[in-house]
Amino acid sequence: MAEPTKKKKKKKGKPFSIRKLVVVLFTLSALMVFTFIVGYAVIYVNGQKILRENANKFEMEETSIIYDSSGAEFTKLYITQNRQIVSLSEMPKRLQEAFIATEDRRFYEHAGIDFWAIGRAIVKDIIHRSALEGGSTITQQLAKNLFTKSEKTFFRKATEASIAVALEREYTKEQILELYLNRIYFGNGAYGVRAAAERHFGITNLQDLSLAQMATLAGIPKNPGAYSPTNDPEKSKGRRAVVLSLMRQQGIISAEEEQQAKEVTFPVRKGSQERNHFVDYVIEQTTELTGISEEQLYLGGYKIHTTLNAKAQDAAEEAFAKPELFQKDGPSKKMEGGMVILDHKTGGIAAMVGGRDYTAKGLNRAVIRQQPGSTFKPLAVYAPALESGNWNPYSMLTDEKLTYPGGYSPSNWDHTYRGQVTMVDAMKRSMNAPAVWLLNEIGVKRSLDYLAKTGIKVDSQKDRNLAIALGGLTYGISPLDMAKAYGAFANNGVMMQPYAVQRVLDNEDRVIYEFEPSKKQVVSGKTAYYMTELLKGVVEAGGTGTQAQIKGRNVAGKTGSTQLDLKNVKRSDAMRDIWFVGYTPELTAAIWMGFDIPDEKHFIVGSSGAAAKVFSVVMTKALAGTKAGDFTKPEGVQDLKAPPEAVTELKGEYSEDQQAAVLSWTPVKEANVVYRIYRKEKQEAEFKMISTHPSNDVVDLSVAAGAEYEYYVTAVRAENQLEGAKSNTVVIQIPAKKESDLLDTLPLPGIGEDAEKQGEKSREGKPNNGSDSGAGTKTGGDKKGNQPKEDDEKTEGDSAGSNSGSTGGTRSPGTPSGSGDETKPNSGSGTETGTGGSGTSGEGSGSDSTTGSGTTGTGGTSGTSGTGSDTTSGTNSGTPSGRTGSAEGATANSSPDKTGTTSRSTEPSNRGSANMGVLESVVQ
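Since we're looking at a predicted model, the values are computed, not measured.

Caption draft 1: Region of interest: the pairing of strand 4 (residues 336-343). Counted residue by residue, strand 4 has 7 buried out of 8 residues, so it is predominantly covered. The pairing of strand 4 with strand 14 (residues 588-594) spans 7 bridges and is antiparallel. Bridging from a neighbouring strand, E336 pairs with G594 of strand 14. Pairing of strand 4 with strand 5 (residues 348-353), which is carried by 5 bridges, proceeds in the antiparallel orientation. When the bridges of strand 5 are listed, M339 appears paired with V353. Connecting strand 4 to the next strand, strand 5, in antiparallel fashion are 4 residues, including G347 with a positive phi near 90 degrees.

Caption draft 2: Main features of the environment of P372. Mapped onto the secondary structure, P372 falls in the loop between strand 5 and helix 15 (377-387). Residue P372 is classed as buried on the basis of its relative accessible area, which comes to 0%. For the pair formed by P372 and G560, sequence separation is 188 residues and the distance between their alpha carbons is 6.5 Å. Residues contacting P372, with those up to four places away along its chain left out, are G471, L473, I477, M482, G560, T562 and W579.

Caption draft 3: Spatial organisation of the packing of helix 7 (residues 193-201) against helix 8 (residues 211-219). Running from N to C, helix 7 and helix 8 point in directions that differ by 115 degrees, and their axes come no closer than 11 Å. For the crossing formed where helix 7 meets helix 8, the hand is right-handed. Here V193, A196, A197, H200 and F201 of helix 7 come into contact with helix 8, specifically with Q213, T216 and L217. For the contact of helix 7 with helix 8, a count of residues per class yields 5 nonpolar, 3 polar and no charged.

Caption draft 4: Spatial organisation of helix 15. Among the 11 residues in helix 15, 10 count as buried, and that is most of the element. Every buried residue of helix 15 is listed here: K377, P378, L379, A380, V381, Y382, A383, P384, A385 and L386. Among the residues trailing helix 15, G389 stands out with phi positive, at a value near 85 degrees.

Caption draft 5: Region of interest: the side chain of T714. On the secondary structure map, T714 appears in strand 21 (residues 708-717). On the basis of relative accessibility, which here comes to 0%, the residue T714 falls in the buried class. Reaching out from T714, the side chain makes a polar contact with the side chain of E723 at a distance of 2.7 Å.

Caption draft 6: How the structure looks around the pattern of salt bridges. Inspection of the entire model under this criterion finds 28 salt bridges. As a salt-bridge pair, K726 and E400 come within 3.8 Å of each other at their nearest N and O atoms. Separated by 326 residues along the polypeptide, K726 in the loop between strand 21 and strand 22 (730-733) and E400 in the loop between strand 6 (396-399) and strand 7 (419-422) bring together distant segments of the chain. For R553, the salt bridge goes to E586, with nearest N and O atoms at 3.8 Å. Of this pair, R553 sits in the loop between helix 20 (525-539) and strand 12 (556-563) while E586 sits in the loop between strand 13 (574-583) and strand 14, placing them 33 residues apart in sequence. The class for E586 is buried, based on a relative accessible area of 15%. Taken together, the salt bridges that share partners define one network made up of R248, E258 and K262.

Caption draft 7: Molecular detail of the packing of helix 2 (residues 93-103) against helix 6 (residues 173-183). At their nearest, the axes of helix 2 and helix 6 sit 12 Å apart, and the two run at 90 degrees to each other. One finds that helix 2 runs roughly perpendicular with respect to helix 6. In contact with Q96, F99, I100 and E103 of helix 2, helix 6 contributes L177, Y180 and L181. Grouping the amino acids of the contact of helix 2 with helix 6 by side-chain chemistry returns 5 nonpolar, 1 polar and 1 charged.

Caption draft 8: View of the sheet that holds strand 19 (residues 688-693). Ordered in space as 19-18-21-22, the 4 strands form an open sheet in which the pairing is antiparallel. Each having just a single partner strand, strand 19 and strand 22 make up the two edges of the open sheet. Each adjacent strand pair in this sheet contributes to an overall mean axis angle of 30 degrees, direction not counted. With 9 bridges joining them, strand 18 (residues 673-681) and strand 21 adopt antiparallel strand pairing. Across the sheet, residue R676 finds its bridge partner in strand 21, namely T714.

Caption draft 9: Here's a closer look at the sheet that holds strand 16 (residues 648-655). Across the sheet, which stays open at both edges, the 3 strands sit in the order 16-17-20 with antiparallel pairing between neighbours. The open sheet is flanked by strand 16 and strand 20 (697-700), the only strands paired with a single partner. Averaged over all neighbouring strand pairs, the angle between strand axes comes to 15 degrees, with direction disregarded. As paired strands, strand 16 and strand 17 (residues 660-666) are joined by 6 bridges and run antiparallel to one another. By the bridge assignment, E653 is partnered in strand 17 with V662.

Caption draft 10: Quick peek at the side chain of K173. By secondary structure assignment, the location of K173 is in helix 6. At a separation of 2.4 Å, a polar atom in the side chain of K173 contacts the main-chain carbonyl oxygen of F107. Within the structure, K173 has its side chain in polar contact with the side chain of E168 (distance 3.0 Å). Ignoring sequence-local partners within four residues, the contact set of K173 consists of F107, Y108, H110, G112 and E168.

Caption draft 11: Just helix 7, in detail. Burial of helix 7 is extensive: 7 of the 9 residues sit out of reach of the surface. Those residues of helix 7 that are buried lie in contact with helix 2, helix 6 and helix 8. Of the residues flanking the end of helix 7, it is G202, one or two places downstream, whose phi is positive at about 75 degrees.

Caption draft 12: Representation of the environment of R503. Inspection of the secondary structure puts R503 in strand 9 (residues 501-505). When the C-alpha atoms of R503 and I304 are compared, they prove to be 6.1 Å apart, with 199 residues separating the residues in sequence. Beyond its immediate chain neighbours, meaning those up to four positions away, R503 contacts K303, I304, H305, V511, Y513 and E514.

Caption draft 13: Fine view of the packing of aromatic side chains. For the structure on display, the rule yields 15 aromatic pairs. Both rings, one in F99 and one in F186, keep their centres 6.0 Å apart while their planes meet at 85 degrees; by these two values the pair is edge-to-face. Taken together, the residues F99 in helix 2 and F186 in the loop between helix 6 and helix 7 connect sequence positions 87 residues apart. Across the pair, F186 and F99 agree in class, each one buried. Judged by centre distance (4.7 Å) and plane angle (65 degrees), the rings of F687 and Y712 are edge-to-face. Here the residue F687 occupies a position in the loop between strand 18 and strand 19, and Y712 occupies one in strand 21, the gap between them amounting to 25 residues. The class of Y712 is buried, set by a relative accessible area of 8%. In textbook terms, an aromatic cluster arises when at least three aromatic residues are bridged by ring pairs, as seen for Y678, F687 and Y712. The positively charged end of K173 is found above the aromatic ring belonging to F107, 4.6 Å away from the centroid. We note K680 situated over the ring of F687; from NZ or CZ to the ring centre the distance is 5.6 Å.

Scoring rules and cut-offs
Residues numbered from 1 in each chain as written. Predicted model: local features only at pLDDT ≥ 70, side-chain atom pairs only at ≥ 80, totals over all residues. Heavy atoms only, no water. Buried < 20%, exposed > 50% of the residue type's maximum accessible area, 1.4 Å probe, protein only. Helix = DSSP H or I, 4+ residues; strand = E, 2+ residues; numbered from the N terminus. Pairing = 2+ DSSP bridges. Contact = heavy atoms within 4.5 Å. Axes fitted to C-alpha atoms, helices over the stretch in contact; angles between N-to-C directions. Left-handed = near helix turned anticlockwise from the far one by under 90°. Nonpolar A, V, L, I, M, F, W, Y, C, P; charged D, E, K, R; others polar. Polar contact = N/O pair within 3.5 Å; in protein donor to acceptor, adjacent residues only side chain to side chain. Salt bridge = Lys/Arg side-chain N within 4 Å of Asp/Glu carboxyl O. Parallel < 35°, antiparallel > 145°, perpendicular 65-115°, else oblique. Phe/Tyr/Trp six-rings, centres within 6.5 Å; stacked < 30°, edge-to-face > 60°. Lys NZ or Arg CZ within 6 Å of the ring centre and 35° of its normal.

This is the structure we're talking about:
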């Protein structure tokens, strides 16, 4: 037996050695220290070398050029001599502290490089996988401005650090801070803190600066274009709050001082006429698109190709310089404006004006949000409604003063309501009530979805209401965004992304940026075409935008205005904003006019026609020499036809003889129309269409005694079912039944329950008492005497009244047979037979009819067949069980049998029947 194999024992690992860990850590530390020393030495030597080679020397400045859309030079960018050197002693201590607190709180502690800040920046770069700004000291920023390019690369940062270390060796902290505050860029062409104070606040002595002004200046260098109080007061105010918070945290100011300085509001300052708003916009866009700083654009010799149409820009600037196109100046403010012109086929911005008096890097009203008023109706209401497919330009909209859930009750601007109008008229006259009604019909969600598709920013919660139909927005919309959205209507539903910068080249003609077009189909071509047709009506005679007309050119557009909301101004014509947004086949433009800050002495008086007039003046000149184009209709889209005219002079009354409501009206002039009759009872909320009628009068026998009815009528074109506006309404009171009428409805002697039940089965050929009562429609046979088919032409008869006899039921027709006459497709002869229940036979006669009789049946005895005809009028009487009654009606049957064509009368009568039927009032 083999001996069991012995298991080998595993060797135990060596116990953990603290000594080894210490050795490893020491080695790593030594390597790090060595690397740091070597790296610092390299930085130090390199910085000294650069500083020696560039002593008293700034980087060579080279002018950059902006070109228009044709490639022609439009303007040059260069640094003017708006730099004023001041000593550190002339700068308030708190101003210096504001910059240090914001840009470099450890300024007096480091030697040019803040390694803690650099560490944080490196971590951020690793996380975001890109070279981001961060960790730069004031000394490094000075080094960058003096000697390096603005590219965000590691090597640039290393060079920047080298120079910063060298600067710290050669200069004191005070000298470095002084150089920095005199060198940095503050936006709007201002270099250095003194030039900035004068540019933004009109202050030349820095000792006069307030805490709020100091904090504002300290916040600008991080992003001069965005945080300039001249460019964007709101963003500047937000940045100021950040600076003040940092100053308070570092013990420089108190919490009370912080709060007071945060609440200060600065007036907008005006500047020189060196450039225009378009150039300023191009500079802003170029810095965002390329990452090149604004300052570097002035120094780097760049070539910026733009979408500018020089003729359009000149036309806009000239118009804004004409006082006669604007309201008279107020005591201290001018009426202002902003305008954008787009090439809607490409999205290129052809022209831009941000105000009447250009301010270098000043407020650009072409991109500032304002309340749009009625110019928002096409975007929030009519375009999404048409796109749904349930509405067309001639759809009828309700024009009434209504109150919606939540108490919202919009009014028309003229306080006139027409009851019902077409979409065409609602747009043309800028009616508010129909627009809100339609938005309520299509739903606010559909509207918000469409606005989101166009890129229009609305508050998804605060703006989720019917007020957006009239332009009631939380944040408003800019002329640029408005032009973009309307441009889709002019471009077959395709919206192009607006842009101003086509291409940017460096000083060696290398392309560093090129625009890539972006487009989106926001509505169908059909909807865009219909919107254009609607908006053309606004500019035509009778519309609100007639002043926008351009001789010899097609124009479509929309006016808009908003009411002034100042309690102390009682004028009904006082407005806050006026707009016109419109387009030709070539260009789209949007114009806003108003006061920047309206008050009791500065507000708009008049109408939105002033904005429409500016549109006409500018576009006439901008398009001069350009061949006038036409709006194109997409393939497959039908031409629009107006609906029939409204029915007029509707009259109505109750006819006692006919016991019915009788209506008549003046027929419309157009042929091939039918009329729809609408009715509602007093207690009903809405009208209902009860039938359609070919002629201009009708009798409604389906009324109830004691009820009150209201009627209106519309004309409808048969070929396309377009419905005209509703007529005037009439109210008809139906009298209550008299006591004698009530007696007639009681069961007659000799007629029992069994007989009544038998009568209910008369349609099945069961025993019948021979009477014919109730309402119904009879259709004759075809020319061969057969029953009519579904597609055969029909002549429908209205049956009213009853053949006197018993009250037991309704006569049952048999099967007609015979031969017909080709000239009378619905005529024919035949015989109907039926069986009568217990009752008394009746006998009748009438004009142009034969006489027939039926024998009294007992327990289902067959009646005698006979022939007869349905006639226009006739009388049939008899004596049922000692009770006499008679019936006259539009269709009186002289016999249980019938032969020939059923006819219709417009003036039937029905009286004296023991069991009276109802005449169907119209023919469908």
